[in-house]
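Observations on the three-dimensional arrangement
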Amino acid sequence: MNLTTKGKYAVTAVLDLAVQEQADIRYSKIAEVAERQSIPAPYLEQIFSFLRKAEILSAARGPKGGFKLSRPRDQIMIGEIISAVEKNMDATQCSGEGICNGGSKCIAHNFWMDFNDNVNEFLMTRSLDDVISNRRGSVQLKDKVHIATG
């Protein structure tokens, strides 16, 4: 299983947009999100492109434009954000095909398949709203917004 920086940044950036929406800010520019979350803006631009194609974000042009959530935050699952930017997340060595041990299942194959199922279920049953409601740290809605993790 490989959750890359791209997946982590995607979740963080979308959470940032959700918090901004909660503060009644309709659209955020990539540069603003990048600065608030310390994410390189060119990298975030690529990520937002994937998220827009996945219909997680919508965009508007112009001076008051930017990006916002395309649906209510309780309808956007963390798993769909990660899936939009990551390749298949898989803890097995064989991509689930059961050919990890010279053409047959390795001794831990079923364990890793169960692990994959549990991780996917966890991610697909947690919405942005769930994460924001259950965060351990505080979010400041002033100049800087930092999404606490942990």
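Note that the structure is predicted; figures quoted are calculated from it, not measured. (Residues numbered from 1 in each chain as written. Predicted model: local features only at pLDDT ≥ 70, side-chain atom pairs only at ≥ 80, totals over all residues. Heavy atoms only, no water.)

1. Let's talk about the pairing of strand E1 (residues 57–60)
Threshold: A pair of strands counts as paired when DSSP detects no fewer than two bridges linking them. Numbering of helices and strands starts at the N terminus; helices are DSSP runs of H or I of at least 4 residues and strands are runs of E of at least 2.
Strand direction decides the pairing type here: E1 and strand E2 (residues 66–69), joined by four bridges, are antiparallel. If you follow Ala59 over to E2, its bridge partner there is Phe67. Hairpin connection, E1 to E2: the antiparallel pair is bridged by five residues, and Gly62 has positive phi, about 105°.

2. Describing the nonpolar core
Filter applied, for reference: Only buried residues count toward a nonpolar core, which is a set of Ala, Val, Leu, Ile, Met, Phe, Trp, Tyr and Cys residues joined through side-chain atoms within 4.5 Å. Exposed residues in this analysis have more than 50% of their type's maximum accessible area, buried residues have under 20%, and partly exposed residues fall in between, with area computed by a 1.4 Å probe over protein chains only. Contacts were defined at the residue level, with two residues in contact if any of their heavy atoms lie within 4.5 Å.
If you look at the biggest cluster of nonpolar residues, it comprises 31 residues, and the most contacted ones within it are Leu44, Phe48, Leu51, Leu57, Ile81 and Leu128. For this core, the secondary structure elements donating two or more residues are helix H1 (5–22), helix H2 (30–37), helix H3 (41–53), E2, helix H4 (78–85), helix H5 (109–124) and helix H6 (128–133). The greatest single-element share of this core, amounting to eight residues, is contributed by H1. If near-sequence neighbours (up to four positions away) are discounted, Leu128 is found in contact with Val14, Leu15, Ala18, Leu69, Arg73, Ile76, Ile78 and Ile81.

3. Considering H3
Put simply, the rule reads: By this rule the span expected of a helix is its residue count minus one, scaled by 1.5 Å.
Between its first and last C-alpha, H3 extends 18 Å over 13 residues, near the 18 Å set by a 1.5 Å rise per residue. The inward-facing, buried residues of H3 contact H1, H2, E1, E2 and H4. Glu55 sits one or two positions beyond H3 and adopts a positive phi of about 60°.

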